[in-house]
Amino acid sequence: MIKELLDLFITFFKIGAVTFGGGYAMLPILERDLVDKKQWATSEDLMDYYAISQVTPGVIAVNVSTFIGYRRRGVAGSICATAGLVSPSIIIITIIALFISNFEDILWVQKALRGINVAVAALLTYAVFNFAKKSIKKWWGVIFYLLAFAAIKFLKLPSVVVVLAAALGGIAIAYFSGSLKKEEEKHG
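Residues numbered from 1 in each chain as written. Predicted model: local features only at pLDDT ≥ 70, side-chain atom pairs only at ≥ 80, totals over all residues. Heavy atoms only, no water.

*Asks:* What is the right way to look at the packing of helix 6 (residues 139-153) against helix 7 (residues 159-177) in this model?
*Replies:* Relative placement of two packed helices is described by the angle separating their axes and the distance separating the axes. Between helix 6 and helix 7, the least distance of the axes is 10 Å, while the angle of their chain directions is 160°. Here helix 6 is positioned roughly antiparallel relative to helix 7, judged by the angle of their axes. You can see that helix 6 and helix 7 cross each other, and the crossing is right-handed. Residues Trp140, Phe144, Ala148, Ala151 and Ile152 of helix 6 lie in contact with helix 7, whose contacting residues are Val162, Ala166, Gly169, Gly170 and Ile173. Classifying every residue of the contact of helix 6 with helix 7 by side-chain character gives eight nonpolar, two polar and no charged. (Axes fitted to C-alpha atoms, helices over the stretch in contact; angles between N-to-C directions. Helix = DSSP H or I, 4+ residues; strand = E, 2+ residues; numbered from the N terminus. Parallel < 35°, antiparallel > 145°, perpendicular 65-115°, else oblique. Left-handed = near helix turned anticlockwise from the far one by under 90°. Contact = heavy atoms within 4.5 Å. Nonpolar A, V, L, I, M, F, W, Y, C, P; charged D, E, K, R; others polar.)

*Asks:* Would you explain the packing of aromatic side chains in this entry?
*Replies:* Across all of its chains, the model carries five aromatic pairs by this definition. Ring centres of Tyr50 and Phe131 lie 6.2 Å apart, and the angle between their planes is 45°; on these two criteria the pair is classed as tilted. A residue pair is termed long-range when its members are at least 10 positions apart, and Tyr50 in helix 3 (residues 43-54) and Phe131 in helix 5 (residues 107-135) qualify at 81 residues. Taken together, a centroid distance of 5.3 Å and an interplanar angle of 65° make the contact between Trp140 and Phe144 edge-to-face. Note that Trp140 and Phe144 are positioned in helix 6 at a spacing of four residues, about one turn of the helix. (Phe/Tyr/Trp six-rings, centres within 6.5 Å; stacked < 30°, edge-to-face > 60°.)

*Asks:* Honestly, the nonpolar core in this entry has me stumped. Any pointers?
*Replies:* Nonpolar side chains in soluble globular proteins tend to end up buried together. Among the nonpolar cores identified, the biggest contains 22 residues, and Phe12, Ile15, Leu30, Val64 and Ile68 are the most heavily contacted of them. At the level of elements, helix 1 (2-18), helix 2 (23-37), helix 3 and helix 4 (60-103) are the ones that each hand at least two residues to this core. Non-local contacts of Ile68, meaning those with residues more than four positions away in its chain, are made with Phe12, Leu34, Trp40, Ala41 and Tyr49. (Core = buried A, V, L, I, M, F, W, Y, C linked by side-chain atoms within 4.5 Å. Buried < 20%, exposed > 50% of the residue type's maximum accessible area, 1.4 Å probe, protein only.)

*Asks:* Just to check I follow, could you spell out the side chain of Asn63 for this structure?
*Replies:* As for its position among the elements, Asn63 is in helix 4. Within the structure, the side chain of Asn63 is placed 3.1 Å from the side chain of Thr56, a separation counted as a polar contact. When near neighbours in sequence (up to four residues on either side) are disregarded, Asn63 contacts Ser53, Thr56, Pro57 and Gly58. (Polar contact = N/O pair within 3.5 Å; in protein donor to acceptor, adjacent residues only side chain to side chain.)

*Asks:* What exactly am I supposed to notice about the packing of helix 1 against helix 4 here?
*Replies:* One way to put it is that helix 1 packs onto helix 4 with a least axis distance of 7 Å and a crossing angle of 40°. If you check the angle between helix 1 and helix 4, you find them oblique. Helix-helix and strand crossings are classified by hand; for helix 1 and helix 4 the assignment is right-handed. Counted by class, the contact of helix 1 with helix 4 contains 15 nonpolar, six polar and three charged residues.

Structural data, given as structure tokens:
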């Protein structure tokens, strides 16, 4: 058990150490490390964790690490995975805080941060494209996607409202199409 807890900590420490840009930018790295390499989750599991993280308090990547850790080793696993993910940030932020006044005016630091921002934008674009490709499987998924985008972009609705509305819409479509009843019969 201790070996697996240590593995959770180290895996998420590595993820936290190389990821810039927050939860969405982490999606490709989480998928590579957790789905492809470790096989601790499926792509569908990861998308579910992301969706749940959208409507729960906290940082998306932290919530995902907590879910994966809990799934692997219960409460102890969730603590180790979460601690592993946030430790690199705590270390880096502490070091930067000590020297921030010395760094903020250095031209090469400013240029490096601009470069990092471009890389993060590319990671986000990649993550969104893959997430959409895996999530949108039916005609109504395209409609939900377009409506959700319009609600956030033009109506400025909070993302939690959009996610909850989409969840209710998905349940309604499943109910009225009869697929909800078919799934219940299949599992019941």
